[in-house]
Structure formats: C-alpha cells, structure tokens
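Chain by chain, the residues:
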Amino acid sequence: RLLEERLIVRNVPYRIYGGVNFYQRKEIKDILAYLKTIDNGMDAQAVRRIINVPKRGIGATTLERIQNFADYNGCTFWDALCNASQIPDIGRSLNKIENFVTLILGFKAKQEYMSIQELTESVVRDTGYIEYLSESETKEEVENRQENIDELINKVVSYENGCAEKGEEVSLSGFLEEVALIADIDNLDESEKQVMLMTLHSAKGLEFPNVFMVGMEDGVFPGYASIWSGDPSDIEEERRLC
C-alpha cells in the first residue's frame, strides 16, 4: 500500500496484479464450486459454498453438525451429506440436504454423456442460478454476471477444442486443473510502460529487467509462521521463493 501511495504521488503509471480477476468473481466461483463438487466432492470449501446457492434454508447449526459428523467419522463433508440420515438431531433439514445431494448426483450422471460445456450450461439452468441472482441484484448487475458466466463457458469450449486439436483427453478434472493454474499475470502486456505490483508468487518464473522486493524483513518475508515452525525446510522454501 505504501509503495502504491508513493507511485501515485510521483504520478507513475502502475497496475496491480492479483486483484479481483475473472476467476475471483462471485458468479465464476459459484459455478466452479458446482463443477468441483460434481467432479469429486473432495473440496469441502466448494461444497459448503454452494449448499445454499441458491438458498435452500440449510442453517449454520446444521452445517456444523454435518462437519462434526465428517470429522468424527473421518470422511469428507460431501460424504457426510450423502449419509445425512445418520447424523444425530439433523431434523427437518434432512429433506433439504437430500434434495441437494440428489441435484449433484443428477449432474454427476449427466457428466457421463454431456460435454463440459453442456454440463456447465445445465448447472446454470437447472439450479436457477440467474433467477437466484435476480432476487437481490439489479438487472444491470445480473446481466454483467451473465456475461461473465458466458465467458466461462467460452473458456470451457476453448479447453475442449484445445484438447481435441492436441489429441488429449477431455475431462472435467483437467479443465479444473487448468483453471487453477491460470492467473491474471498471464495477460501481461510487456509493451506497457508502467510499474507492475504483484506478489512474489505471481512474479515467480517471469523475467523483468528490474525487480524491487518490499517487506524483506523478519515476520513479513520470511513470515513468522516459517520462522517459528521449527521445520528448517520452511525457511528454505522462503529462501527458494526469494
């Protein structure tokens, strides 16, 4: 932040990388969370993100009971949902949970015969996601989110076409892995005359004529977690990144 303020004072053009990029937008994270859950259900954060998107009335207390059941039985959050009838005091939420599980299982079945594009379109349509957005957002906001979702679908198509051209297998897992590797730094325009602000993780592997690293002090970089972990390899990892 201090560096940014100094650039502003000196009227130096700059661009921040690692802000809210395409894949950090709410609608994109929501749809991707559905696709991750359909793929394998191992990502508990993704499952929890969409269990009430659209609203299903599954409360915080119920979610806590599901998590406790998963922790006690050493299973995933998704597996706990699939066995919700065994969770003590789940009460009237059982029907809501079972409806959600049925929805996801339905998508899993479609995955067998649908392309990723068709599956993604089915998720948007069958969940009533756009209608859900319309309940709390303006028409213009919803249209913008719809455009972003359309762009996500375009990226799915590009992935599928790319695999076909290379003779590679098309899979939902493969697409999600590719998405995880994409960062907005990939869109860097080297012809732009400006200071680029980014994390060291974003800068790693790129070549710039000059690099200034700020925050090179104990507790920031290397971070306190690495310093006090007791594992020498943690500091070594910080040194490697540096």
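Cut-offs applied
Residues numbered from 1 in each chain as written. Predicted model: local features only at pLDDT ≥ 70, side-chain atom pairs only at ≥ 80, totals over all residues. Heavy atoms only, no water. Helix = DSSP H or I, 4+ residues; strand = E, 2+ residues; numbered from the N terminus. Contact = heavy atoms within 4.5 Å. Salt bridge = Lys/Arg side-chain N within 4 Å of Asp/Glu carboxyl O. Buried < 20%, exposed > 50% of the residue type's maximum accessible area, 1.4 Å probe, protein only. pLDDT = per-residue confidence, 0-100. Polar contact = N/O pair within 3.5 Å; in protein donor to acceptor, adjacent residues only side chain to side chain. Lys, Arg positive; Asp, Glu negative; His and termini not counted. Axes fitted to C-alpha atoms, helices over the stretch in contact; angles between N-to-C directions. Parallel < 35°, antiparallel > 145°, perpendicular 65-115°, else oblique. Left-handed = near helix turned anticlockwise from the far one by under 90°. Core = buried A, V, L, I, M, F, W, Y, C linked by side-chain atoms within 4.5 Å.

Details of the overall build of the protein
The helix and strand inventory of the protein stands at 13 helices and two strands. Summarising the internal contacts of the protein: among those between residues at least 6 apart in sequence, 57% fall at separations of at least 24.

Concerning the pattern of salt bridges
For the structure on display, the rule yields nine salt bridges. Salt-bridge contacts for R239 lead to E236; the nearest nitrogen and oxygen are separated by 2.5 Å. Of this pair, R239 and E236 both sit in helix α13 (residues 232-241), separated by three residues, roughly a single helical turn. Overall, E236 belongs to the partly exposed group, its relative accessible area being 45%.

Observations concerning the confidence of the model for the protein
Of all residues in the protein, 89% attain a pLDDT of 70 or more, and the chain-wide mean is 88. Model confidence for the protein, summarised as mean pLDDT per element, is weakest for strand β1 (residues 14-16) at 66 and strongest for helix α7 (residues 116-126) at 97.

Concerning the side chain of D30
Position of D30 relative to the elements: it lies in helix α2 (residues 26-39). Of the residues examined, D30 reaches a relative accessible area of 1% and is grouped as buried. At a separation of 2.7 Å, a polar atom in the side chain of D30 contacts the side chain of K26.

Here we look at the side chain of R56
Following the sequence through the fold, R56 ends up in the loop between α3 (44-50) and α4 (60-73). Despite being buried, R56 has no salt bridge partner; D30 is the closest side chain of opposite charge, sitting 9.9 Å away. Among the polar contacts listed, one links the side chain of R56 to the backbone oxygen of V53, at a separation of 3.4 Å.

Overview of the packing of α7 against helix α9 (residues 139-166)
In the contact formed by α7 and α9, the axes pass within 9 Å of each other and the chain directions differ by 160 degrees. Relative to α9, α7 is oriented roughly antiparallel. α7 and α9 meet at a crossing whose hand is right-handed. Taken together, the residues of α9 that come into contact with α7 (itself represented by I116, Q117, T120, E121 and V124) are I149, I153, V156, V157, Y159 and E160.

Observations regarding the nonpolar core
In terms of nonpolar packing, the biggest core is built from 50 residues, with L32, L35, I66, L81 and F175 touching the most fellow members. Residues in contact with L32, not counting those within four places in the same chain, are Y23, L152, F175, L176 and V179.

Quick notes on unusual backbone geometry
The omega torsion across V53 and P54 is -5 degrees, close enough to zero to call that bond cis. With respect to the helices and strands, P54 occurs in the loop between α3 and α4. A cis amide bond links F221 to the next residue, P222, at an omega of 5 degrees. Within the secondary structure, P222 sits in the loop between α11 (200-203) and α12 (224-227). Phi angles above zero are rare outside glycine, and D89 is one such case at about 60 degrees. Position of D89 among the secondary structure elements: in the loop between α5 (77-82) and α6 (93-110).

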